[in-house]
Amino acid sequence: MRQPTFRSAYRALGAVAFEGARVSVAVVDIETGESVFAVDERIVLPTASIGKILLLIEVSARLTDRTVSDFAIADRAAADAVADSGIWQHLQAPAFPIADLAALVGATSDNLATNVLLRHVGLDAVRSRTEKLGLVRTALLDRVRDVRGPDDAPQLSVGSTAELAWLFQALANGHIIDPVTSQRVLSWLSLNADLSMVASAFGRDPLSHRGVEHNTWMVNKTGTDVGVRSEAGILRGPRAGLAYAVSVHFDDTDLPRRLRVMDALRAFGVDLLEFVH
């Protein structure tokens, strides 16, 4: 019998940490919640777009209790405009239903859709929901901005990998608000096209990976910024089901250093796959 370990991931992430990066990892069993692998899992690090999960939870909860309709139309405004990730900024459509905007956030981490949703539900409501979930080291701090000034939050979001792994475990078990709300959030996240980090090791099609392939199923959310690479998700296989989160905060001064971080994240993904398959 094979005895899967995370030795390769530990060595690869340790080498990145030796260069000065801050590394945090948490892996838990979905069924039991037992810790499988952890490194500095309670420290708080920047998580970039990972915090958008908290917005999706608030939107999903409102769709469940019908305070917001799936077909309620949200218009974009000039103040919502932002560059980088997402496709809506390149489309002609001036408005979408709320549920479609959430799907855009899940699929492409759409920054414009994020800002429109935040304007409709309110950042305070997202923070309140986060606190009710018991998260104290994880938060969505601000709207998406092209430039962060001295009066703005220094990061879009922050989080601890321990809390992020717990969050995905709770989503998998239908414990975030209720099963309907949890499943809706996972459905949006299952559209995510970014499999460039940990999930690059899972052998899935970035544009079509919602089903079970080779006895594995996955869902994930990534966060990318200068000097930030973060990912959280779920990986199920015939041997086990795991919820995982990893964040690396590093000095992004040259391409080789960035590529070493990406290689370490993939090594972590290989160990995850070996554990569940």
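Thresholds applied
- Numbering of residues begins from 1 in every chain and follows the order in which that chain's sequence is written.
- Side-chain atom pairs in this predicted model are given and counted only at pLDDT of 80 or more, local residue features only at pLDDT of at least 70, and totals for whole chains, interfaces and linings cover all residues.
- The basis for every side-chain value is the complete set of heavy atoms in the structure, and neither hydrogens nor water enter the calculation.
- The way it works is that DSSP assigns letters per residue, a run of H or I at least four long becomes a helix, a run of E at least two long becomes a strand, and they are numbered from the N terminus.
- Summary of the burial criterion: residues with accessible area below 20% of their type's maximum are buried, those above 50% are exposed, and those between are partly exposed, where the area comes from a 1.4 Å probe applied to protein chains only.
- In what follows, a contact means two residues having at least one pair of non-hydrogen atoms within 4.5 Å.
- Here the accessible surface of atoms and residues is derived via Shrake-Rupley with a 1.4 Å probe, and residues count as covered only by protein chains that are part of the display.
- Only four residue types enter the charge count: Lys and Arg as positive, Asp and Glu as negative, with His and the chain ends excluded.
- Note that the charge is assigned to NZ on lysines, CZ on arginines, CG on aspartates and CD on glutamates.
- The definition of a nonpolar core used throughout is a set of buried Ala, Val, Leu, Ile, Met, Phe, Trp, Tyr and Cys residues joined through side-chain atoms within 4.5 Å.
- Axis definition: a line fitted to C-alpha atoms, over the contacting stretch in the case of helices. Angles run 0 to 180 degrees between N-to-C directions.
- Roughly parallel covers angles under 35 degrees, roughly antiparallel covers those over 145, roughly perpendicular covers 65 to 115, and oblique covers all other angles.
- Here is the rule for handedness: rotate from the far helix to the near one, and if that takes an anticlockwise turn smaller than a right angle the crossing is left-handed, while a clockwise turn gives right-handed.
- Residues were grouped as follows: Ala, Val, Leu, Ile, Met, Phe, Trp, Tyr, Cys and Pro as nonpolar; Asp, Glu, Lys and Arg as charged; and all remaining residues, including Gly, as polar.
- UniProt positions are given in the numbering used here, feature names are shortened, and annotations may be inferred rather than shown by experiment.
- The term polar contact refers here to a pair of N or O atoms within 3.5 Å; inside protein, the definition further demands a hydrogen-donor-capable atom paired with an acceptor-capable atom, and it admits residues adjacent in sequence only when both atoms are side-chain atoms.

**What about the overall build of the chain?**
1) Next: Each helix and strand counted, the chain has eight helices and ten strands in total.
2) Next: Counting over 277 residues, the chain shows a buried share of 52%.
3) Next: Look at the contacts in the chain between residues 6 or more apart in sequence, and 64% of them connect residues 24 or more apart.
4) Next: If you sum the accessible surface of the chain, you get close to 12,400 Å²; carbon and sulfur atoms cover 53% of it.
5) Next: Taken as two groups, the 28 positive and 33 negative side-chain charges of the chain have centres that lie 2 Å from each other.

**As for the nonpolar core**
Across soluble globular proteins, nonpolar side chains have a tendency to be buried as a group.
1) Next: Ranked by internal contacts, the top residues of the largest apolar core, which has 51 residues, are Leu 55, Val 59, Trp 88, Leu 101, Leu 117, Leu 140 and Phe 168.
2) Next: The dominant element in this core, judged by the number of residues it contributes, is helix 2 (residues 52–64), at seven residues.
3) Next: Counting 31 residues, the second largest nonpolar core, distinct from the first, contains Leu 13, Val 198, Val 246 and Phe 275.

**Comments concerning the packing of helix 2 against helix 4 (residues 111–121)**
1) Next: Two numbers describe how helix 2 lies on helix 4: the axes approach to 11 Å, and their chain directions differ by 50°. One finds that helix 2 runs oblique with respect to helix 4. The handedness of the crossing between helix 2 and helix 4 is left-handed. For the pair formed by helix 2 and helix 4, the contact residues are Lys 52, Leu 55, Glu 58, Val 59 and Arg 62 on the first element and Asn 111, Thr 114, Leu 117, Leu 118, His 120 and Val 121 on the second.
2) Next: Partitioning the contact of helix 2 with helix 4 into residue classes produces five nonpolar, three polar and three charged.

**Quick notes on the UniProt feature "domain: Beta-lactamase class A catalytic" (unreviewed entry) in the chain**
1) Next: With numbering aligned to this structure, UniProt lists the feature "domain: Beta-lactamase class A catalytic" (unreviewed entry) at residues 24–248.
2) Next: Counting secondary structure, residues 24–248 comes out at 30% helix and 22% strand; the distance between its end C-alpha atoms is 7 Å.

**Examining the environment of Arg 76**
1) Next: Within the secondary structure, Arg 76 sits in the loop between strand 4 (73–75) and strand 5 (95–97).
2) Next: We classify Arg 76 as partly exposed; its relative accessible area is 29%.
3) Next: Residues Arg 76 and His 214 lie 138 residues apart in sequence; the distance between their C-alpha atoms is 41 Å.
4) Next: Residues contacting Arg 76, with those up to four places away along its chain left out, are Trp 88, Gln 89, Leu 91, Gln 92, Ala 93, Pro 94, Leu 112, Val 116 and Arg 119.
5) Next: A polar contact of 3.2 Å, which involves the side chain of Arg 76, links it to the backbone oxygen of Leu 91.

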